[in-house]
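Analysis of the macromolecular model
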Amino acid sequence: MTVLLRIAARVELISLLLLLANLATVHLGPVATLVGPLHGCAYLSVIGATLAATRRGRPRLLALLPGVGGLLAERTLRIVQA
């Protein structure tokens, strides 16, 4: 599950950055139409992968933060497992 969390966290962050860059610059509708659902799917995948990976409260709460929550949850899981 941590591989899924690692991939989904990075996809979530990159897609959020793309959405914000699009919003701040030219605001193209097709970009938002394509990247928006990708971001939502990655966000839900991060939450699901974190729920499946641990029963600890801190990583689960961190996973709920949009954008960087997946990376923080992954880091917390790595520290706990080490």
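In short, a report on the structure. Quick caveat, the model's predicted, so the values are computed rather than measured.

**Considering the pattern of salt bridges**
What the rule picks out here adds up to 3 salt bridges. We note a salt bridge from Arg6 to Glu74, for which the minimum N-O separation is 3.1 Å. Taken as a pair, Arg6 in helix α1 (residues 2-24) and Glu74 in helix α4 (residues 69-81) lie far apart in primary sequence, 68 residues in all. Under the relative-accessibility criterion, Glu74 is labelled buried at 5%.

**Focus: a nonpolar patch on the surface**
On the surface, a nonpolar cluster with roughly 330 Å² of combined accessible area is contributed by Val3, Ile7, Val11 and Leu38. Per-element tally for the nonpolar patch: the top contributor is α1, with 3 residues. Checked against the element boundaries, Val3 lands in helix α1.

**Remarks on unusual backbone geometry**
Positive phi, close to 50°, is recorded for His27, a residue that is not glycine. Within the secondary structure layout, His27 lies in the loop between α1 and α2 (29-53).

**What to know about the packing of α1 against α4**
Between α1 and α4, whose axes approach to 8 Å, the crossing angle comes to 150°. By the criterion of interaxial angle, the relationship of α1 to α4 is roughly antiparallel. In terms of crossing hand, the pair formed by α1 and α4 is left-handed. Listed contacts from α4 to Thr2, Leu5, Arg6, Ala9, Arg10, Glu12 and Leu13 of α1 are Gly70, Leu71, Glu74, Leu77 and Gln81. Split by residue class, the contact of α1 with α4 holds 5 nonpolar, 3 polar and 4 charged.

**A few points about the nonpolar core**
Judged by nonpolar contacts, Leu5, Ala8, Ala9, Val46, Ala49, Leu62, Ala63, Ala73 and Leu77 together constitute the single largest core of 9 residues. Only α1, α2, α3 (57-63) and α4 provide two or more residues apiece to this core. A total of 3 residues in this core trace back to one element, the largest contributor, which is α1. Ignoring any residue separated from it by four or fewer positions in sequence, one finds Leu77 in contact with Leu5, Ala53, Thr54 and Pro59.

About the thresholds
Along each chain, residues carry numbers from 1 onward, in the same order as the chain's sequence is written. Side-chain atom pairs in this predicted model are given and counted only at pLDDT of 80 or more, local residue features only at pLDDT of at least 70, and totals for whole chains, interfaces and linings cover all residues. Side-chain metrics rest on all non-hydrogen atoms present in the structure, leaving aside hydrogens and water. Here, a salt bridge means any side-chain nitrogen of Lys or Arg that lies within 4 Å of a carboxyl oxygen of Asp or Glu. Numbering of helices and strands runs from the N terminus, with a helix taken as a DSSP run of H or I at least four residues long and a strand as a DSSP run of E at least two residues long. Only protein chains enter the accessibility calculation, which uses a 1.4 Å probe. A residue is then buried if its area is under 20% of the maximum for its type, exposed if over 50%, and partly exposed in between. Here a patch means residues that are over 30% exposed by relative accessible area and free of salt bridges, tied together within 9 Å if like-charged and within 5 Å if nonpolar (Val, Leu, Ile, Met, Phe, Trp, Tyr). Surface accessibility in these figures is a Shrake-Rupley result with a 1.4 Å probe; residues are shielded only by whichever protein chains are displayed. Fitting a line to C-alpha atoms yields each axis, with helices limited to the stretch in contact; the angle taken between N-to-C directions then spans 0 to 180 degrees. Each angle is binned into one of four classes, with values under 35 degrees roughly parallel, values over 145 roughly antiparallel, values of 65 to 115 roughly perpendicular, and all other values oblique. The sense of a crossing depends on the near helix, which, turned anticlockwise from the far helix by less than a right angle, makes the crossing left-handed and, turned clockwise, makes it right-handed. By definition in these notes, contact holds between two residues if any of their heavy atoms fall within 4.5 Å. Three categories are distinguished: nonpolar for Ala, Val, Leu, Ile, Met, Phe, Trp, Tyr, Cys and Pro, charged for Asp, Glu, Lys and Arg, and polar for the others, with Gly belonging to the last. Joining through side-chain atoms within 4.5 Å is the link that ties buried Ala, Val, Leu, Ile, Met, Phe, Trp, Tyr and Cys residues into a set, and such a set is a nonpolar core.

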